[in-house]
Amino acid sequence: MEHAMETLMFTFHKYAGDKDHLAKEDLRALMEKEFPGFLEGFFSLVAGLTIACNDYFVLHMKQKGRK
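Each residue is numbered by its place in its chain's sequence as written, counting from 1. Where local features are concerned, this predicted model is filtered to residues with pLDDT of at least 70; where side-chain atom pairs are given and counted, the filter is 80 or more; whole-chain, interface and lining totals use all residues. Note: side-chain values were computed over all heavy atoms of the structure, leaving out hydrogens and water.

Asker: Tell me about the pattern of salt bridges, and please be specific about residues and values.
Answerer: In what follows, salt bridge is the name for a side-chain nitrogen of Lys or Arg lying within 4 Å of a carboxyl oxygen of Asp or Glu. In this structure the tally under the stated criterion is 3 salt bridges. The salt bridge involving Lys19 is made with Asp26; its shortest N-O contact spans 2.6 Å. To sort residues, take the accessible area from a 1.4 Å probe on protein chains only and compare it with the maximum for the residue type: under 20% means buried, over 50% means exposed, and anything in between is partly exposed. Judged by relative accessible area, Lys19 falls into the partly exposed class, the value being 34%. The closest approach of N and O atoms between Glu32 and Arg28, which form a salt bridge, is 3.7 Å. Of this pair, Glu32 and Arg28 are both found in helix H2 (residues 24–34), 4 residues apart, which corresponds to roughly one turn of the helix. Exposure remark for Glu32: the relative accessible area of 48% places this residue in the partly exposed category. The numbering of helices and of strands both runs from the N terminus, where a helix is a DSSP run of H or I of at least 4 residues and a strand a run of E of at least 2.

Here's what the structure looks like:
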C-alpha cells in the first residue's frame, strides 16, 4: 500500500512539474499514459450505475402509483 501511494505521488509530480497542481491537459496526459483504458472503464461504470438507478426509480414510481 505504501509503495502504491509513493508511486502515485511521484507520478503526479512527474506530470505537474514545478506546479503543485495538474492542468486539464496534464491530467489527460497522465490518465492516457499511466492508466490506459481507465476512462473507458470509468464511463462504463457511470453509465451502468445510471441505468440501474433509472430502472430502480421507474420501478419505484410504478409501485408508488399502484398504492
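Asker: Quick one: what's the story with a nonpolar patch on the surface, residue by residue and with numbers?
Answerer: Patches in this entry comprise residues that are over 30% relatively accessible and not in a salt bridge; like charges within 9 Å are linked, as are nonpolar side chains (Val, Leu, Ile, Met, Phe, Trp, Tyr) within 5 Å. A 1.4 Å probe and the Shrake-Rupley method give the accessible areas. Residues count as covered only by the protein chains that appear here. Taken together, the side chains of Leu8, Phe35, Phe38, Phe42, Phe43, Leu45, Val46 and Leu49 present a nonpolar region at the surface, about 770 Å² in accessible area. Broken down by element, the nonpolar patch gets its largest block of residues, 6 residues, from helix H3 (residues 38–66).

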